[in-house]
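Descriptive analysis of the structure
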There are 2 protein chains.
Amino acid sequence: MSTDYLPLPGSPVEDLDTPALVIDAAAADENIRKMQAWCDSHNVGLRPHGKTHKTPFWAHRQLKAGAIGLCASKVSEAEALVNGGVSEIMITSEIIGRPKIQRLISLASRGNVIVAVDDEANVRDLSEAAVARSVDLGVVVEVDVGQNRCGTLPGEPTTAVAKAVDAAPGLRFEGLMGYEGHVVGKYEFEERKSGAEQAMDRLLSAADAVEAAGLPLNVLSAGGTGTYNVTGAMDRITDIQCGSYIFMDGDYLLALDDFRPALTVLAAVISRPAPDRAVLDAGRKSISIDRGMPRVLGIPGAEVVSLSEEHAIVKLSGSGRKPDVGEKVAMLPMHGDTTIAMHSHYFVVREGWLESVIEIAGRGCFR
Amino acid sequence: MSTDYLPLPGSPVEDLDTPALVIDAAAADENIRKMQAWCDSHNVGLRPHGKTHKTPFWAHRQLKAGAIGLCASKVSEAEALVNGGVSEIMITSEIIGRPKIQRLISLASRGNVIVAVDDEANVRDLSEAAVARSVDLGVVVEVDVGQNRCGTLPGEPTTAVAKAVDAAPGLRFEGLMGYEGHVVGKYEFEERKSGAEQAMDRLLSAADAVEAAGLPLNVLSAGGTGTYNVTGAMDRITDIQCGSYIFMDGDYLLALDDFRPALTVLAAVISRPAPDRAVLDAGRKSISIDRGMPRVLGIPGAEVVSLSEEHAIVKLSGSGRKPDVGEKVAMLPMHGDTTIAMHSHYFVVREGWLESVIEIAGRGCFR
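In short, a report on the structure. The model shown is predicted, which means the values in this text are computed figures rather than measured ones.

**Considering the packing of aromatic side chains**
- According to the stated counting rule, one finds 15 aromatic pairs over all chains in the structure shown.
- Here Tyr228 of chain A and Phe259 of chain A contribute two aromatic rings whose centre-to-centre distance is 5.3 Å and whose plane-to-plane angle is 65°, an arrangement assigned as edge-to-face. Highlighted residues: Tyr228 of chain A in helix H8 (residues 228-231) and Phe259 of chain A in the loop between helix H9 (250-253) and strand S10 (263-274), separated in sequence by 31 residues.
- A relative accessible area of 5% places Tyr228 of chain A in the buried class.
- Accessibility expressed as a relative area gives 3% for Phe259 of chain A, which makes it buried.
- Here Trp58 of chain B and Phe247 of chain B contribute two aromatic rings whose centre-to-centre distance is 5.2 Å and whose plane-to-plane angle is 85°, an arrangement assigned as edge-to-face. A residue pair is termed long-range when its members are at least 10 positions apart, and Trp58 of chain B in helix H2 (residues 56-65) and Phe247 of chain B in the loop between strand S9 (239-240) and helix H9 (250-255) qualify at 189 residues.
- Among the residues examined, Trp58 of chain B registers a relative accessible area of 0% and is labelled buried.
- A relative accessible area of 1% means that Phe247 of chain B is categorised as buried.
- In this arrangement the basic side chain of Lys34 of chain A is found over the ring face of Phe259 of chain A, its NZ or CZ atom lying 6.0 Å from the centre.

What follows is the structure, given as structure tokens:
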């Protein structure tokens, strides 16, 4: 369905068929510039997470601005970036099992790939595969900084895995990563700040123990959009892994306004069955609701009361404007990453014109 | 990414790479047979909703069993079915705006297409486009049976639109449809029964008024999986639009056990960072959570406590089995339709072997 869209680049935005994933190019550019400028002035690397955009197009804009590389969640997502010309990739998940490890090694033979580990058996598997293909694979040990997802505990468990990596042929021990995913989405800055500080205490204590064991760290990577200016301001952190800042979303905007909303889903009114009701042609198959209902932009008082698979039911306020059938309406999703994952194209808009239509190369790359 | 999967058909299911959308072929076949047998014995047509599977492969199995045609939510979804050889399609949403209407008319020139309307201006647009292309387009008027989404009210408003359709050149008035979407998911049968009866009272009263105005009805279409045996048992209903019954899902299984669960997402354990915790490689980008957290199958006491974009965090019970890193685990999504919409392939399994890998042709077809 790669041509399932209208119109072509160069057309006025009013002609866009719906639903469409629309990016405000100026806002995204500004977000890219602003985050990079912050990192540059704080002497920390920016390694943007590609799980948000899944697309070489945006990765290259981030790299041109000064990013040191991209992150990816999965091997296939990393492939989509490397295939599009990105050469520095950190895979922030553990890669388990022979088929995925073989893919990973192939990828590492044509890009500089760093992968996360938290288990010595996995270290052995990676090492064997790397040696068999004469490939040099970068490895960071993932530390559980309080998210209680993957990762080793700081101290002896982390140090043991780090030593195993360092001793394993074919593997290049790069350092540690930790992701304070349990903190980045808190709405109050003070909560994010204290949460990130506690999380980074764990990462730094893990780093101390690893260095004390004689293993120098090139990489100490952490952070997300919500904690960029806390985690990124810490002396020893080498780089931050922010993803959402490029487009923001309704949920992140409740937490911080340092970056501009750049992502909307354009929908159309397909029914006006009652004076206070409009039904739009975008539902759960084009806007995620895992962080709540999308917001309606441009119609004061209008509110999404329910979202079915292909419809949004919008309640119109008595005093607000009443859109006609056929009118196009912009919706702000509460969660960008999971919304983007359902689309095949970005419609990139600048000053009212469709500037480019970008295929989402990493769409569905969850393996 | 159409080859982003392993292994090939004919392989043992243990070799499947994860996450993978797995269909138990025997269960799906039995569901198709059982729903069709029920409809046959109750003298009602079955017009399965293609929004669930989005795939000619499953549509043809339903048609071979005896279905009278398929439903689709969107023009592009209908295209995916017609392109795969399905010739009878009812589009259950209003199709608004010139680009989509042009697509619809092209589709109607190569299949028997019926479309829903609820607005006289839309009737004029459809008629003009059909006449310009000398195409005959079937039309049903959508009645709001209490869902408060799209649709006209029973009585004069519905009759007025029906008359407009009947009078419009290029359009063929087929009848009425109503969808009791506010009722189908209730967990108690008695609630579904009384709710569907109320909803169908509205549809039948609309039908009475339309017939009294001299317009005979070929089609009086309604119903979903949760109400098949209530709505489908009503004398005047010509066909029911059930979709989910083919695979079922965790949420529907809480309401009825007439059909077997056929759909799971296979995931793998990628980390065992604590004795009571396993982390799987499937998250919100491969399993929807719009109706709740997926269930873990095959590990007694195991429970998904959180699902991030690419990870499921599973709490293991003290007494239950503890899966190793690398072990594959089947997850039952609470909502099939929105889970399927994120995948590119079905992995169809029979007796432990991968029987076929089916591309989801209608994936992303939300226009």
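**Overview of the packing of helix H3 (residues 75-83) of chain B against helix H4 (residues 98-108) of chain B**
Residue and element names in this part refer to chain B.
- Where H3 meets H4, the axes come as close as 10 Å, and the angle between the chain directions of the two elements is 25°. Judged by the angle between their axes, H3 and H4 are roughly parallel. Crossing of H3 against H4: the hand is left-handed. Touching Val75, Ser76, Ala78, Glu79 and Val82 of H3 are Lys100, Arg103, Leu104 and Leu107, all from H4.
- Along the lines of polarity and charge, the residues of the contact of H3 with H4 split into five nonpolar, one polar and three charged.

**A closer look at the relation of the copies chain B and chain A**
- Between the two copies, chain B and chain A, the superposition gives an RMSD of 0.0 Å; the rotation angle is 180° and the shift along the axis is 0.0 Å. Given the turn and translation reported, the copies of this chain are related as if by a two-fold rotation axis.
- Of all interface residues in chain B, 100% are interface residues in chain A too; the two copies therefore contact each other through one and the same surface.

**Things to note about H2 of chain B**
Residue and element names in this part refer to chain B.
- Every buried residue belonging to H2 is among Pro56, Trp58, Ala59 and Gln62, and all of these are buried. The buried side chains of H2 occupy one side of the element, clustering within an arc of 160° when seen end-on.
- In the segment just after H2, Gly66 is the residue with positive phi, at about 135°.

**Here we look at the interface of chain B and chain A**
- Each partner contributes residues to the interface: chain B has 59 residues there, and chain A has 60 residues.
- Summed over both partners, the interface of chain B with chain A buries about 5100 Å², with 51% contributed by carbon and sulfur atoms.
- It is Arg149, Phe366 and Arg367 of chain B in chain B that bury the most area against chain A; as a group they hold 15% of the surface buried on that side.
- Its salt-bridge partner being Lys74 of chain A, residue Glu310 of chain B comes within 3.5 Å of it at the nearest N-O pair.
- On inspection of chain B and its partner chain A, the count reaches 28 residue pairs in polar contact (both at pLDDT 80 or more).
- Among the secondary structure elements, those contributing two or more residues to the side of chain B that touches chain A are H3, strand S4 (88-94), H4, strand S10 (263-274), strand S11 (277-280) and helix H10 (336-340) of chain B.

**Quick word on the pattern of salt bridges**
- Going through the model one piece at a time under the given rule, you end up with 46 salt bridges over all chains.
- Three or more residues joined by partner-sharing salt bridges are found here, namely Asp29, Arg61, Arg350 and Glu355 of chain A.

**Remarks on empty space enclosed by the protein**
- Under the counting rule described, the total for this entry stands at seven cavities of 30 Å³ or more.
- Here the largest cavity defines a volume of roughly 180 Å³.
- Looking at the largest cavity, it is lined by 14 residues, and the ones nearest its centre are Ser288 and Ile289 of chain A together with Arg284, Ser288 and Ile289 of chain B.
- Per-class residue counts for the lining of the largest cavity are six nonpolar, four polar and four charged.

About the cut-offs
Residues numbered from 1 in each chain as written. Chains lettered and ligands numbered in written order. Predicted model: local features only at pLDDT ≥ 70, side-chain atom pairs only at ≥ 80, totals over all residues. Heavy atoms only, no water. Phe/Tyr/Trp six-rings, centres within 6.5 Å; stacked < 30°, edge-to-face > 60°. Helix = DSSP H or I, 4+ residues; strand = E, 2+ residues; numbered from the N terminus. Buried < 20%, exposed > 50% of the residue type's maximum accessible area, 1.4 Å probe, protein only. Lys NZ or Arg CZ within 6 Å of the ring centre and 35° of its normal. Axes fitted to C-alpha atoms, helices over the stretch in contact; angles between N-to-C directions. Parallel < 35°, antiparallel > 145°, perpendicular 65-115°, else oblique. Left-handed = near helix turned anticlockwise from the far one by under 90°. Contact = heavy atoms within 4.5 Å. Nonpolar A, V, L, I, M, F, W, Y, C, P; charged D, E, K, R; others polar. Least-squares fit on C-alpha atoms with pLDDT ≥ 70 in both. Arc of directions from axis to C-beta. Buried area = accessible area lost by both parts, 1.4 Å probe. Salt bridge = Lys/Arg side-chain N within 4 Å of Asp/Glu carboxyl O. Polar contact = N/O pair within 3.5 Å; in protein donor to acceptor, adjacent residues only side chain to side chain. 1 Å grid on protein atoms, 1.4 Å probe; cavity = no way out; pocket = protein on both sides within 12 Å on 5 of 7 lines; lining within 4 Å. Points joined across faces, edges and corners; volume = space filled by probe spheres on them.

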